[in-house]
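# Working through the structure, step by step
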Amino acid sequence: MIERRDFLKGCLACGVTAATVSVAGTNAMAAGSFEGYPDAMGVLVDLTRCVGCRSCEAACNKEQNLPEPDQAFDDLSVFNEKRRTTEKAYTVVNEYQVADKETLFRKMQCNHCNEPACLTSCFVNAYTKTKEGAVIYNSKVCVGCRNCMIACPFNIPAYSYSSPLNPLVKKCVFCYDTRVKEGKPPACVDICPQQVMTFGRRDDLIKLGHDRIQANPGKYVDKLFGEKAVGGTSWMYLSSVDFDKVGFDAHMQNEPIISNVKDFLGFVPMVLAIWPALFSGIHLLATKNKDGHHDHEEGDHQ
Amino acid sequence: MKAFLARNPNTQLITSLRKDDDKGRPWTLMEKIFLGLTPQQYLSQAMSNPLNWIFAVIFMIGIPVLIGRYIFGLSWAVGDPYDNAWGLFLAFGLFGMVPLSSSGFQLGTAVEIFGRHDLEPIERLGLLNGLLGYFFAVMFLMVDLGQPWRLPYPMVVSFGPAAVLFLVAWHVATYLSVQMAEVSTSFFEWMGWPAGKTFIKKMTLGLTVAGIILSTLHQGALGALSTYAPGKVHPLWYSASFQWLYFFVSSLPGGLCMVIVVSTIAIKTMQWRCDETFKNSLEKLQITLAKGASMGLITYLTIRLVGIAHDNKWAYLATGWGAWWMFEIGFGVILSLALLTAGVRKNSATLVRMGAWTTILGVILHRLNVYMFTFNWQQGHVHVPPWREIIITITMYSIYIVTYRAILYRWPILFKWKTRYSEYAVLEPKPAAVASAAQAEACPSGK
């Protein structure tokens, strides 16, 4: 009878495991077709209007109480190289040479995805997509695995590596607590002297973007970047040149990042359901009456 | 130790619970820790081992750097890698060590599930190799995490169940306890606690099947983690459909070959610790393991190629990254496969051992390629870890080797402990009562 008892025990052990992890499969599978909250806000960025004054960087720095920058905000030599967001700068503007004498500037910050890769990759659920559209971060639970930095298709989250006791992910939070929650536009949008950015309901901004493309034939490429990329983002862009010329990944998938992981997640329930029975069964077949030898007698001494 | 035993051929090392003379008095814990030598003798053999001097130098430099990482922050050790957030600690320490530790579940399965009792002399080494590999992968994680003291958070404070890493965290934690239970039988024998061993033995089948499930899923999950970064991992190393299979399938030969390598090192450097059964059967066992490993490798090679064909990525092979990919496959997979199969056919342990080395190097190279070398390949530069990160990695790995060796020296892994519990129970009046109490605990229904 030992075999049957062990078989049941095996099944029980596996059942407990199944209970712990099967949630992983189901939740992620259900998350597939989320297209954003209906009244989520967003920002439409028109690259053709930006003059590279960097006042948005300064406004962000002040609003988010970030440390003094290494180079002053009126220092235009920063454009000599391509910068990315850091723990000290949640938004940066880069300059791109797009034609012989033509340059475009692009502001970079968190795009606040509808189905954020940072959120779906976080094992402590530190990220939240609010109904206003902001992707915010809970520093109280972050373990510091930095999977969000690996997962973000825009390479946005930075990490305060230098802090020994409380290192945290640092990224744009759409000025959620101070502005967007109350319906006010984020600091960078507010300060912009060129009206590069338009703050509004994401649905309205999609219409506005396409209207602007139609109203100005030849001015823009016929694409609103962020309308579809990685499942849609709250921040969207209009450009006069192909988007890969201004630092976007033109081949970015339209499905959310989590869709790549589903092949694996779909396999999880199968393993949990089939393996215990399969291997316990093989055990019974492989060891039954084999040379009259019993697997578990060695330790028993009754 | 080898040199010491050559000088003192009459030394009696502890291989049993009780002394032969002295009316069968059990060895004390201190005696067992010093292997039956006096502390002076033990120290003198340790000093005469050149490897210990190398470790001394590594620790003298490495331990202060390791401590510095916690005092001055992560950036002091690894810089500010915003784009390549996972460096050597994870790419090597976690993603590289875990596949080489799949030996625990494979040997457990072969012996306990498939009834391959011929593999028994090497089963315990396989289990221990698994346990230590996972344990040190977690230690590497503790070095890498920004806030390692929050490691239990995904278990108790805040849950992100849709994340692959959530599955990895739970599985590795669960599997670590499963492996501790599996290896604990050796520890209980060594300590002389038969009740513990009896208790664990009763759960063997459940533990082993749990080990298969957990291993299948988290070995695969370590690959699935990179499917969060489709544009960042180079296309030759990326496949949404096959990624988790690459990681799972390569972990099978990886784990078996790690046991071949470790057992080879053991037989060469600590023959005194191996019993006759182990010594006499080792070459045959290694060839058996190599058979399994070659089947894993040929499957792995096939799916790596099918993955390229599936997404039609052949054109990338003509690039520089393609050459690097062909090197990884040529050296780590095809050469390994040739050496292992030749070794099996010619019955040559030497060839098998060479093939085992190239296999584990190939598996580690694959993990480094996915998570470090090709990561963000479009940015046009390869992430090179700073020197402190390299030193800490070498230090952690040295601690792993020292721990591994210390256990092999003492616990009955490479030799059989010379006291059967049936005899032991007769000699000692107490343990029988303890054992039956433990049984009652194991079956609360009172069966």
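Residues numbered from 1 in each chain as written. Chains lettered and ligands numbered in written order. Predicted model: local features only at pLDDT ≥ 70, side-chain atom pairs only at ≥ 80, totals over all residues.

## A few points about the overall build of chain B
- For chain B, the count of helices and strands is 19 helices and zero strands.
- In terms of principal-axis extent, the alpha carbons of chain B reach across some 75 × 55 × 50 Å.
- By residue count, 48% of the 447 residues in chain B fall in the buried class.
- The contacts in chain B between residues at least 6 apart in sequence include a share of 79% that link residues at least 24 apart. (Helix = DSSP H or I, 4+ residues; strand = E, 2+ residues; numbered from the N terminus. Buried ≥ 20, exposed ≤ 12 C-beta atoms within 10 Å, placed from the backbone. Contact = placed C-beta atoms within 7 Å.)

## Some words on the sheet that holds strand β9 (residues 235-238) of chain A
Residues and elements named next belong to chain A.
- Here we have three strands laid out as an open sheet, ordered β8-β1-β9, and mixed in their pairing. Edge strands, defined here as strands with exactly one partner in the open sheet, are β8 (197-201) and β9. Strand-to-strand twist of the sheet, defined as the mean angle between neighbouring strand axes without regard to direction, takes the value 25°.
- In this structure, strand β1 (residues 41-46) lies alongside β8, joined through five bridges in antiparallel fashion. From the neighbouring strand, L44 faces β8, where its bridge partner is T198.
- Running at roughly 135° to β8, helix α6 (residues 202-215) makes contact with β1, β8 and β9 of the sheet. (Pairing = 2+ DSSP bridges. Axes fitted to C-alpha atoms, helices over the stretch in contact; angles between N-to-C directions.)

## With respect to the packing of helix α12 (residues 204-224) of chain B against helix α13 (residues 243-269) of chain B
Residue and element names in this part refer to chain B.
- One can describe the packing of α12 onto α13 by two numbers: an axis separation of 7 Å at closest approach and a directional angle of 130°. Compared by their axis directions, α12 and α13 come out oblique. When the axes of α12 and α13 are compared, the crossing they make is right-handed. When α12 is examined against α13, the residues T216, Q219, G220, A221, L222, G223 and A224 are found in contact with a partner set consisting of Q243, W244, Y246, F247, F248 and S251.
- Tallied by class, the residues present in the contact of α12 with α13 amount to seven nonpolar, six polar and no charged. (Parallel < 35°, antiparallel > 145°, perpendicular 65-115°, else oblique. Left-handed = near helix turned anticlockwise from the far one by under 90°. Nonpolar A, V, L, I, M, F, W, Y, C, P; charged D, E, K, R; others polar.)

## So, the nonpolar core
- Ranked by internal contacts, the top residues of the largest apolar core, which has 193 residues, are V164 and A221 of chain B.
- Residue contributions to this core reach at least three from each of two domains, namely domain 1 (2-31 + 262-289) and domain 2 (35-118 + 131-255) of chain A.
- Setting aside residues up to four positions removed in sequence, V164 of chain B forms contacts with V261 and F264 of chain A together with A221, A224 and L225 of chain B. (Core = buried A, V, L, I, M, F, W, Y, C linked by C-beta atoms within 7 Å. Domains from an automatic or database assignment.)

## So, the confidence of the model for chain A
- Of the residues in chain A, 84% have a pLDDT of 70 or more, and the chain-wide mean is 85.
- Across residues 292-302 of chain A, where pLDDT falls below 50, the model places 14 contacts with residues more than four positions away in sequence or in other chains. (pLDDT = per-residue confidence, 0-100.)

## Observations regarding helix α16 (residues 349-373) of chain B
- Along its 25 residues, α16 of chain B runs 33 Å from first to last C-alpha, staying within 8% of the 36 Å computed at 1.5 Å per residue.
- Counting buried positions along α16 of chain B gives 18 out of 25 residues, so the element sits mostly inside the fold. (Expected span 1.5 Å × (residues − 1).)

## Quick look at helix α11 (residues 194-202) of chain B
- Extensive coverage of α11 of chain B is indicated by the burial of seven of its nine residues.
- Among all positions of α11 of chain B, only P194, A195, K197, T198, F199, I200 and K202 of chain B are buried.

## A look at the confidence of the model for chain B
Residues and elements named next belong to chain B.
- In this model, chain B carries an average pLDDT of 88, and 93% of its residues clear a pLDDT of 70 or more.
- Note that pLDDT drops below 50 for residues 421-447; the model gives that stretch 21 contacts with residues more than four away or on any other chain.
- Interface scoring of the predicted complex returns ipTM 0.85; its pTM is 0.87.

## Some details on the interface of chain B and chain A
- Residue-level contacts link 66 residues of chain B with 66 residues of chain A.
- Taken together, the elements giving at least two residues each to the side of chain B that touches chain A come down to α4 (50-72), α5 (74-78), α7 (103-113), α9 (153-156), α10 (164-191), α11, α12 and α18 (421-427) of chain B.
- Counting residues per element, the side of chain B that touches chain A draws most heavily on α12 of chain B, at 13 residues.

## Remarks on the pairing of strand β3 (residues 103-108) of chain A
All names here are of chain A.
- Within β3, five of the six residues are buried, leaving the element largely enclosed by the surrounding structure.
- Relative to β3, strand β2 (residues 92-97) runs antiparallel, the two sharing six bridges. Across the sheet, the residue bridging to Y96 is L104, located in β3.

## Comments concerning the packing of helix α8 (residues 120-144) of chain B against helix α17 (residues 387-410) of chain B
Residue and element names in this part refer to chain B.
- Two elements in contact, α8 and α17, have axes separated by 11 Å at closest approach and are oriented at 150°. Between α8 and α17, the angle is such that the two are roughly antiparallel. For the element pair α8 and α17, the recorded crossing hand is right-handed. Together, L128, L132, F136, M139, F140 and V143 of α8 and I392, M396, Y400, T403, Y404 and I407 of α17 make up the contact between the two elements.
- When grouped by side-chain class, the residues that make up the contact of α8 with α17 number 11 nonpolar, one polar and no charged.

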